[in-house]
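Structure assessment
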Amino acid sequence: MSQRDSQRDNQGAQAAEAGGSVERVRQALLAAGHPDTIRGFPEGMRSAAEAAAAVGCDVAQIAKSIVFRAGERPVLVIASGANRVDPAKVEAATGLRVEPAKGRWVREVTGFAIGGVSPVGHLTPPLVLLDEDLFRLPRLWAAAGSPSHVFETGAEALLRLSGGQRALIREETPG
């Protein structure tokens, strides 16, 4: 097999895996009574700014998912795309010592690659915190299982879907 064929096979496997992750999110949404609002963007969206540009919304309306590790337990923080997360505030809200999770562990535990971690459909149910700032926005977009898919929702729906809790987790900017 040539290197080009091997790369094509690997890309096909990644696309199939992403398709399975997106379908897992779709099923989780539907099972919870949430409409299927998943949209795909072939160019992908690896950052909140890229997602906002693709969707056509403000970066604050991107509900970005950040996974922390508390021992073997995943802690999922769903934050406004305009905010940085303060790990000390995550620790205060959860009562757990957390550290940033590495990509391989995130994939193994959640079933999602970084950049596509959804608030729902995790292989291992995480402890979930939702950024208080999300509740000021009428409409949000969250990752739907791949860096190329998002779904439209609202903060109250995300709270219900994820079983999470509201928390002040935004890093304060000096000044």
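Residues numbered from 1 in each chain as written. Predicted model: local features only at pLDDT ≥ 70, side-chain atom pairs only at ≥ 80, totals over all residues. Heavy atoms only, no water.

**Concerning the overall build of the chain**
Of the regular secondary structure elements, the chain holds five helices and eight strands. Going from N to C terminus, the chain has its helices and strands arranged as α-β-α-β-β-α-β-α-β-β-β-α-β. Considering only contacts in the chain between residues 6 or more positions apart, those separated by 24 or more positions represent 64%. (Helix = DSSP H or I, 4+ residues; strand = E, 2+ residues; numbered from the N terminus. Contact = heavy atoms within 4.5 Å.)

**Quick word on the confidence of the model for the chain**
When the pLDDT values of the chain are averaged, the result is 89; 88% of them are 70 or greater. Note on residues 1–17: pLDDT is under 50 here. Beyond four places in sequence and across chains, it has three contacts. (pLDDT = per-residue confidence, 0-100.)

**Description of the packing of aromatic side chains**
Considering all chains together, one arrives at zero aromatic pairs under this definition. Here the basic side chain of Arg-24 rests over the ring of Phe-112, its NZ or CZ set 4.6 Å away from the ring centre. Of note, Arg-166 hangs over the ring of Phe-135, and the distance from its end group to the ring centre comes to 3.7 Å. (Phe/Tyr/Trp six-rings, centres within 6.5 Å; stacked < 30°, edge-to-face > 60°. Lys NZ or Arg CZ within 6 Å of the ring centre and 35° of its normal.)

**Observations concerning the pattern of salt bridges**
Taken as a whole and assessed by the stated rule, the structure comprises 13 salt bridges. Between Glu-72 and Arg-69 there is a salt bridge, with its nearest N and O atoms 2.5 Å apart. Overall, Glu-72 belongs to the exposed group, its relative accessible area being 59%. Notably, a salt bridge pairs Arg-166 with Glu-132, separated by 2.9 Å at the nearest N-O pair. With Arg-166 in strand β8 (residues 165–167) and Glu-132 in the loop between β5 (127–131) and β6 (140–143), the pair connects residues that are 34 residues apart, well separated along the chain. (Salt bridge = Lys/Arg side-chain N within 4 Å of Asp/Glu carboxyl O. Buried < 20%, exposed > 50% of the residue type's maximum accessible area, 1.4 Å probe, protein only.)

**So, the environment of Arg-73**
Turning to its location among the elements, Arg-73 is positioned in strand β3 (residues 73–80). Arg-73 gets classed as partly exposed once you look at its relative accessible area, which sits at 42%. Residues Arg-73 and Thr-124, spaced 51 residues apart in sequence, show a C-alpha to C-alpha distance of 8.5 Å. Those residues in contact with Arg-73 that sit more than four places away from it in its chain are Phe-68, Trp-105 and Leu-127.

**Describing the side chain of Asn-83**
Structurally, Asn-83 can be placed in the loop between β3 and α3 (87–94). Residues in contact with Asn-83, not counting those within four places in the same chain, are Lys-64, Asp-131, Asp-133 and Arg-170.

**Focus on helix α2 (residues 48–55)**
Inspection of α2 places Ala-48, Ala-51, Ala-52 and Val-55 among the buried residues, and these make up the whole buried set. Projected onto a plane normal to the axis of α2, the buried residues spread over an arc of 100 degrees and lie on a single side. Close packing links the buried residues of α2 with β2 (62–70), β6 and β7 (149–153). Positive backbone phi, approximately 90 degrees, marks Gly-56, located one or two places after α2. (Arc of directions from axis to C-beta.)

**Concerning the pairing of β3**
Counting buried positions along β3 gives seven out of eight residues, so the element sits mostly inside the fold. Bridge count for β2 against β3 is eight bridges, and the pairing is antiparallel. Bridge pairing in β3 places Ser-65 opposite Ile-78. Connecting β2 to the next strand, β3, in antiparallel fashion are two residues, including Gly-71 with a positive phi near 70 degrees. (Pairing = 2+ DSSP bridges.)

**Concerning α3**
The N-cap residue of α3 is Asp-86: its side-chain oxygen and the backbone nitrogen of Ala-88 are 2.9 Å apart. Of the residues one or two after α3, Gly-95 is the one with positive phi, at around 75 degrees. (Polar contact = N/O pair within 3.5 Å; in protein donor to acceptor, adjacent residues only side chain to side chain.)

**Digging into the nonpolar core**
Counting residues in hydrophobic clusters, the biggest one holds 27 residues, and the most contacted among them are Val-25, Ile-78 and Phe-151. Residue assignment for this core shows that the elements contributing at least two residues are α1 (3–31), β2, β3, α4 (103–110), β5, β6 and α5 (155–162). Considering every element that reaches this core, the biggest residue donor is α5, with four residues. Ranked by size, the runner-up nonpolar core spans 11 residues in total, among them Val-75, Val-77, Ala-79 and Leu-129. (Core = buried A, V, L, I, M, F, W, Y, C linked by side-chain atoms within 4.5 Å.)

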